[in-house]
Amino acid sequence: METINLNDFKKLDLRLAQIIEAERVPDTNKLLKLKLDLGDETREIVSGIGMQYHPEDLIGKQIVIVANLEPKVFKGIESQGMLLAVVNKDGDISLLIPDKQMTPGDRIQ
């Protein structure tokens, strides 16, 4: 992969978000629509984690998102960010989550 410099990294707005609602996107197995609390705002993102996670198990979880990603529409739903997850060589997915409860909207540094 291409390397980036510190100034490029500083352009990323990584923040902690808390999942307050989650549901499957109709006619898909993979996509979930997540409503997120970012402290001073709520947002919706669409993520391809539906094969590994059930929506009801995600409520209340805190995740890391890229908050300043250009919005993109998936199946008619505007996604306002992207969650960060680990994907191994077998395709297993694990969400990046803090090891203790933090405040939604906190910046990742």
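Chains are numbered independently. Their residues run from 1 in the order of the written sequence. Given that this is a predicted model, residues contribute local features only at a pLDDT of at least 70 and side-chain atom pairs are listed and counted only at 80 or more, while totals for whole chains, interfaces and linings are drawn from all residues. Side-chain figures throughout are based on the complete set of non-hydrogen atoms in the structure, without hydrogens or water.

### A closer look at the nonpolar core
- For the purposes of this section, nonpolar cores are sets of buried Ala, Val, Leu, Ile, Met, Phe, Trp, Tyr and Cys residues that join through side-chain atoms within 4.5 Å. Three exposure classes are used, based on accessible area relative to the maximum for each residue type with a 1.4 Å probe and protein chains only: buried under 20%, partly exposed in between, and exposed over 50%. Counting residues in hydrophobic clusters, the biggest one holds 17 residues, and the most contacted among them are L34, L36, I49, L58, I63, I65 and L83.
- Put simply, DSSP marks the helices as runs of H or I at least four residues long and the strands as runs of E at least two long, and each gets a number from the N terminus on. When residues of this core are traced back to their parent elements, those giving at least two are β1 (14-24), β2 (32-37), β4 (62-66) and β9 (93-95).
- Contact between two residues is taken to exist if any of their heavy atoms lie within 4.5 Å; hydrogens are not considered. Leave out the neighbours within four places in its chain, and L83 touches L34, I45, S47, I49, I63, V64, I65 and L95.

### Comments concerning the pairing of β4
- With 5 of its 5 residues buried, β4 lies for the most part within the structure.
- Along β4, one buried face is formed by Q62, V64 and V66 and the opposite face, lined by I63 and I65, is buried too.
- In terms of strand pairing, β4 meets strand β7 (residues 82-83) through 2 bridges, oriented antiparallel. Looking across to β7, one finds that I65 is bridged to L83. Two strands pair under a simple rule: DSSP has to find at least two bridges between them.

### As for the environment of D57
- Looking at where D57 falls in the secondary structure, it is placed in helix α2 (residues 55-58).
- Linking D57 and L31, residues 26 residues apart in sequence, is a C-alpha distance of 15 Å.

### With respect to the pattern of salt bridges
- Whenever a carboxyl oxygen of Asp or Glu lies within 4 Å of a side-chain nitrogen of Lys or Arg, that contact is scored as a salt bridge. Summed over the entire model, instances satisfying the criterion amount to 7 salt bridges.
- One salt bridge in this structure joins D13 and R15, with 3.1 Å as the shortest N-O distance.
- The class of D13 is buried, set by a relative accessible area of 15%.
- With relative accessibility at 8%, the residue R15 sits in the buried group.
- The residue K33 makes a salt bridge to E23 at a minimum N-O spacing of 3.7 Å. Of this pair, K33 sits in strand β2 while E23 sits in strand β1; the two residues are 10 residues apart in sequence, bridging distant segments of the chain.
- In this structure E23 comes out as partly exposed when scored by relative accessible area, which is 38%.

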